[in-house]
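Coordinates in review
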Amino acid sequence: MSERQIFANLLRSCSKNLLFEQGLQAHGAVVKTGLGFDLMLNNDLVDMYGKCGRMELACAVFDRMIERNVVSWTALMCGYLQNGNANGSLSLFRKMGSSGIKPNEFTFSTNLKASGILGTPENGMQIHSFSAKTGFEWVPAVANSIIDMYSKCGRISEAARMFNAMPVRNLISWNAMIAGYTLEGNGDRALLLFRKMQEQGEIPDEFTYTSTLKACSGLGAMQEGTQIHASLITRGFPYSVQIASAGALIDMYVKCGHLIKARRVFDQIDAKNVISWSALILGYAQEGNLVEAMDLFRQLRESTYQVDGFVLSGLMGVFADFAHVEQGKQMHAYTIKVPSGLDISVANSMVDMYLKCGLTNEAERLFGEIPVRNVVSWTVMITGYGKHGLGKEAINLYNRMLAENIEPDGVTYLAVLSACSHAGLIKESQEYFSRLCSDRWIKPRVEHYACMVDLLGRAGRLKEAKNLIENMPLKPNVGIWQTLTSACRVHGDLEMGMEVGEILLRLDGDNPVNYVMMSNIFAEAGHWKDCERIRETVKRKGLKKEAGRSWVEIDKEIHFFYNGEDNHPLTKRIHEVLKEMEKRIKEKVGYNHGVRFALHDVEEESKEESLRVHSEKLAIGLALVCGGLDNEEKKVIRIFKNLRVCGDCHAFIKGLSKVLKVVFVVRDANRFHKFEGGFCSCGDYW
DNA sequence: CTAGGGTTAG
């Protein structure tokens, strides 16, 4: 074997096994032997450095080469791609074109993959047609990459067209198409294709299984998932395959609500990895079992596996949802100690957590410290401002984002529109909505229309709101009708309320929330008979609405309350304080029980009584008992509620904030309410 | 030198 061939083999082995130090030594030896200008060896060097994550060295070799062929260029592109720089690969692709070198199938595959990662179809389409012109389109690897590119760019129909037109399909073609449907959220189609490929004699591999399991997760299809699990075992795949699919398998059971089975799979895998750990931890956490989740997380930390950004951001998201500030802060402290704490998704999830816990200043500080913010970072912040009723600030932030050349996406528009909605900025919202409609790449969704309906409804422009729903190009969903119904209630438009309510009940007649809304409309209008009729229906159908639950954190401990609950050790004191407060508010601000809100609890018998024990009041009572009555300046009491805060409680807290020198921040299912000096930041519309 | 996968932030 020639010396040159020996070096090539050595370099390829370093590349494959990521042996940077040895590769560096081999590089030195190549130069010493006088082979420093050999084309093939230089290509291998570019590849080796790229694989080892040393792009500066890969570029240096590439720049010093006296001749370059298509392999040299493609190797460098792969380096960029594998080091997370898809744009780098694409711009190199363009440069290669202008230097007169023709791409081959490898160049096409690489850059199609890069386009898929960027997720915007323009680049990919160009490369697709380029490959067609140069006769590479139907080379299997290229065609597969085109399918992958289109499905990652949200052009599933293009992907399917390609797939159907392929003269020869291999396993990878099937996998790419199945993954595409799964990604699109069309799990049914994915499973259909999975069956079809087996009918045609194709044997699934680990990638097929992970994709189809993911499809089952999305569908909540436990039966299909279990079948796939079974065939994974009966086909006798080697361990490596089971490991690769374990994360998806556990996640499937988690998403189907079967934690016990998920746990069983986890316990049965000999070789776990960080993904199987994360899937299970987040499963427990999202279910509300934080004790088990955190215990597993501790075990993960103490294990040899590296905690990654996925599990950190996932847990942070759970703390945000449950408003567990203390846990969130502790996790924040932990992220500073681990490398994955620097992940952008972790930073974003922390900003979101602070915002959802009502600590706006902390969120702002953290947001300012993110070195490279992406569209999610900005959207989180805009959403947060919006929920705090800070519409102007949200819009300012949005403009700053545009100034920094960050492209908004559909969620960003949702954040801006809902910020306008919470702050009542109608003119502004119409401007942004028309911008959205004329955006080339973003399609308005029902949720965007719902924001506009909410805005118009809030302004009392109910006819316009109804018109918008009836004329929108999308199929109205339950949520958007609920928005309109609720606006009818606020403005006391009985006629439209009944009309819209009928639509709502036809569409979603088993949701107690809809009946509550209807009975409220009738109650507002004094139609007690109709109100009674609705109540009867709810009883007859046996519908139960989600139980109202509030919580408050006191001395790093969270106390939960359900409506009418009386098993807290301090219950007696809580009721005493609430009674006392009620008296003081009645004297000072003439507060009275608003019976109009009593129907939030359709199952309750006594309205007065049910109001007095709403969970948010109990939580506030406890906070007051535990030192909230000190009446010191700048005292803030934070309360969280799973549903929307009821109107009576809202009035009560407003009164409290006037009687006491306390600021109350209440996060409900919709937004934040900041009560200060007898006023609420929501302007009494919520 | 090349194609496919698992947990994940708004």
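Conventions adopted
Per-chain numbering applies: the sequence of each chain, read as written, is numbered from 1 onward. Chains carry letters from A onward and ligands carry numbers from 1 onward, assigned in written order. Predicted model: local features are reported for residues with pLDDT of at least 70 only, side-chain atom pairs are reported and counted for 80 or more only, and whole-chain, interface and lining totals are derived from all residues. The side-chain numbers reported here are obtained from all heavy atoms of the structure, hydrogens and water having been left aside. An automatic or database domain assignment supplies the residue ranges for each domain. A pair of strands is labelled paired if DSSP reports no fewer than 2 bridges between them. Secondary structure elements are defined from DSSP: runs of H or I of at least 4 residues count as helices, runs of E of at least 2 residues count as strands, and each element is numbered from the N terminus. In summary, the pairing rule links any two rings of Phe, Tyr or Trp, Trp by its six-membered ring, whose centres are within 6.5 Å, and it sorts them by plane angle into stacked for under 30 degrees, edge-to-face for over 60 and tilted for everything else. Residue burial is assigned from relative accessible area. The probe radius is 1.4 Å, only protein chains are included, and a residue is buried under 20% of its type maximum, exposed over 50%, and partly exposed in between. Counting as a charge over the ring demands two things of the Lys NZ or Arg CZ atom: a distance within 6 Å of the ring centre and an angle within 35 degrees of the ring normal. UniProt positions are given in the numbering used here, feature names are shortened, and annotations may be inferred rather than shown by experiment. Nearness of a residue to a molecule or strand requires only that one of the residue's heavy atoms be within 4 Å of it. Polar contacts, as counted here, are pairs of nitrogen or oxygen atoms within 3.5 Å of one another; within protein the pair requires one atom able to donate a hydrogen and one able to accept it, and residues that are adjacent in sequence qualify only if both atoms are side-chain atoms. Classes in brief: Ala, Val, Leu, Ile, Met, Phe, Trp, Tyr, Cys and Pro nonpolar; Asp, Glu, Lys and Arg charged; the others, Gly included, polar. The contact criterion used is simple: two residues touch if any of their non-hydrogen atoms lie within 4.5 Å. We define a salt bridge as a side-chain nitrogen of Lys or Arg found within 4 Å of a carboxyl oxygen belonging to Asp or Glu. Expected helix span is taken as 1.5 Å per residue step, with the number of steps being one fewer than the number of residues. It is the directions from the helix axis to the C-beta atoms whose arc is reported. The axes are straight lines fitted to the C-alpha atoms, using for helices just the contacting stretch, and the angles between their N-to-C directions are given from 0 to 180°. If an angle is under 35 degrees, it is roughly parallel; if it is over 145, roughly antiparallel; if it lies from 65 to 115, roughly perpendicular; otherwise it is oblique. Handedness of a crossing is defined here by the sense of rotation of the near helix relative to the far one, left-handed for an anticlockwise turn of less than a right angle and right-handed for a clockwise turn.

1. Regarding the domain arrangement of chain A
In terms of domains, chain A is made up of domain 1 (1-67), domain 2 (86-168), domain 3 (186-271), domain 4 (445-541) and domain 5 (549-680). The distance between the C-alpha centroids of domain 3 and domain 4 comes to 41 Å.

2. Looking at the pairing of strand 3 (residues 635-641)
Two strands pair when backbone bridges link them, and strand 1 (residues 549-554) and strand 3 are joined in this way by three bridges, in the antiparallel orientation. Residue pairing in the sheet places S550 in a bridge with K641 of strand 3.

3. What to know about unusual backbone geometry
Its identity is not glycine, yet A323 carries a phi of approximately 55 degrees, on the positive side. Along the chain, the position of A323 falls in the loop between helix 19 (309-322) and helix 20 (325-335). Despite not being glycine, D555 has its phi angle at roughly 50 degrees, a positive value. Within the element layout of this structure, D555 appears in the loop between strand 1 and strand 2 (557-562).

4. Re the packing of aromatic side chains
Each pair of aromatic rings is reported with the distance of its centres and the angle of its planes. Applying the stated criterion across every chain yields a total of 17 aromatic pairs. Look at F93 and F130: their rings are 6.1 Å apart centre to centre, the planes differ by 40 degrees, and that puts the pair in the tilted class. With F93 in helix 6 (residues 86-98) and F130 in helix 8 (residues 121-133), the pair connects residues that are 37 residues apart, well separated along the chain. Summarising the aromatic geometry, the rings of W551 and F640 are spaced 6.0 Å apart at their centres and angled 25 degrees between planes, so their arrangement reads as stacked. With W551 in strand 1 and F640 in strand 3, this residue pair connects regions lying 89 residues apart in the sequence. The burial state of W551 is the same as that of F640; both residues are buried. Here the aromatic residues F93, F108, F130 and F136 are joined through ring pairs into a cluster of three or more. Geometry around F62 places R68 over its ring, the cationic atom sitting 4.7 Å from the centre. Geometry around F652 places K617 over its ring, the cationic atom sitting 4.7 Å from the centre.

5. Digging into the UniProt feature "repeat: PPR" (unreviewed entry) in chain A
Feature annotation in UniProt assigns "repeat: PPR" (unreviewed entry) to the following positions: residues 38-68, 69-103, 170-204, 273-307 and 374-408. As a span, residues 38-68 carries 74% helix and 0% strand, and end to end its C-alpha atoms are 10 Å apart. Taken end to end, residues 69-103 is 74% helix and 0% strand, and its two terminal C-alpha atoms sit 10 Å from one another.

6. Considering the protein's contact with DNA strand B
Among the 42 residues in the neighbourhood of DNA strand B, the closest are listed as F106, D205, A244, N273 and F310. Looking at DNA strand B alone, sugar and phosphate atoms form 34% of those within 4 Å of the protein. N374 places a polar side-chain atom, nitrogen or oxygen, 3.3 Å from a base nitrogen of DNA strand B. D409 places a side-chain nitrogen or oxygen 2.8 Å from a base nitrogen of DNA strand B. For the surface near DNA strand B, the leading source of residues is helix 9 (residues 140-152), giving five residues. Its residues assigned to classes, the surface near DNA strand B comprises 14 nonpolar, 15 polar and 13 charged.

7. Quick word on the environment of Y449
In this structure, Y449 sits in helix 27 (residues 446-458). For the pair Y449 and D251, spaced 198 residues apart in the sequence, the C-alpha separation amounts to 33 Å. With sequence-adjacent residues up to four places away left out, Y449 is seen in contact with F433, P444, L468, M472, P473, L474 and I480.

8. With respect to the pattern of salt bridges
Opposite charge on two side chains permits them to pair, given that their charged atoms come into close proximity. Inspection of every chain in the model, using the stated rule, returns 28 salt bridges. Close ionic contact of E447 with R445 constitutes a salt bridge, the shortest N to O distance being 3.4 Å. For E447, a relative accessible area of 37% puts it in the partly exposed group. With a shortest N-O distance of 3.0 Å, D648 and K617 are connected by a salt bridge. Within this pair, whereas D648 is found in helix 36 (residues 647-659), its partner K617 is found in helix 35 (residues 615-625), the two being separated by 31 residues in sequence. Since its relative accessible area comes to 1%, D648 is described here as buried. A cluster of three or more residues bridged by salt bridges with shared partners is formed by R263, D267 and E292.

9. Regarding helix 18 (residues 290-302)
In a regular helix each residue adds 1.5 Å, so 13 residues correspond to 18 Å; helix 18 covers 18 Å between its end C-alpha atoms and thus fits that length. L290, A293, L296, F297 and L300 are the residues of helix 18 that are buried. When helix 18 is viewed along its axis, its buried side chains cluster within an angular range of 130 degrees and face the same direction. In helix 18, the exposed positions angled more than 90 degrees off the buried face are occupied by V291 and E302. Against helix 16 (259-268), helix 17 (274-287), helix 19 and helix 20 lie the buried residues of helix 18.

10. Examining the packing of helix 28 (residues 462-471) against helix 30 (residues 494-507)
Contact pair helix 28 / helix 30: the axes reach a minimum separation of 11 Å and the direction vectors enclose 20 degrees. Considering their axes alone, helix 28 and helix 30 lie roughly parallel with respect to each other. When the axes of helix 28 and helix 30 are compared, the crossing they make is left-handed. Together, L462, K463 and K466 of helix 28 and M496, E499 and V500 of helix 30 make up the contact between the two elements.

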